[in-house]
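As a plain string of letters, each chain reads:
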Amino acid sequence: MPKSKCCVSKDRCKRCPIRMLKEGTLPAGYTVKKRKLVKVSKKAGKKVGTLPTAA
């Protein structure tokens, strides 16, 4: 499991979320935003403000 926040060291530690994201070893359902580990929500894929098309 990665750390919850990047320590911003020059040589990245083995549990650094940025390093794990780059290598592809970050667990499923997680991503890194602003050097912090965040859980991906299921709503993230939908576009906000679009109307459904009438059929």
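For the structure itself, consult the block above.
Residues numbered from 1 in each chain as written. Predicted model: local features only at pLDDT ≥ 70, side-chain atom pairs only at ≥ 80, totals over all residues. Heavy atoms only, no water.

Caption draft 1: Geometry of the environment of Val38. If you trace the backbone, Val38 turns up in strand E2 (residues 36–39). For Val38 and Pro17, which are 21 residues apart along the polypeptide, the C-alpha to C-alpha distance reads 9.8 Å. Setting aside anything within four residues of it in sequence, one finds Val38 in contact with Gly29, Tyr30, Thr31 and Lys33. (Helix = DSSP H or I, 4+ residues; strand = E, 2+ residues; numbered from the N terminus. Contact = heavy atoms within 4.5 Å.)

Caption draft 2: Geometry of the pairing of strand E1 (residues 30–33). As defined by bridge partners, E1 adjoins E2 across four bridges and the pair is classed as antiparallel. Within E2, the residue paired with Tyr30 across the bridge is Lys39. Here E1 folds back onto E2 in antiparallel fashion, the turn holding two residues, of which Lys34 has a positive phi close to 55 degrees. (Pairing = 2+ DSSP bridges.)

Caption draft 3: A look at unusual backbone geometry. Phi is positive for Lys34, close to 55 degrees, though the residue is something other than glycine. Mapped onto the elements of the fold, Lys34 is located in the loop between E1 and E2. In the Ramachandran plot, Arg35 falls in the positive-phi region, its phi being about 65 degrees despite a non-glycine side chain. Structurally, the position occupied by Arg35 is in the loop between E1 and E2.

Caption draft 4: Expanded view of the pattern of salt bridges. Considering all chains together, one arrives at one salt bridge under this definition. A salt bridge links Arg19 to Glu23, with the nearest nitrogen and oxygen atoms 3.3 Å apart. With a gap of four residues between them, Arg19 and Glu23 both fall in helix H1 (residues 17–23), about one helical turn apart. Residue classification places Arg19 among the partly exposed positions, given a relative accessible area of 29%. Taking the relative accessible area as the measure of exposure, Glu23 reaches 48% and is therefore partly exposed. (Salt bridge = Lys/Arg side-chain N within 4 Å of Asp/Glu carboxyl O. Buried < 20%, exposed > 50% of the residue type's maximum accessible area, 1.4 Å probe, protein only.)

What is shown is where atoms sit, not what they do.
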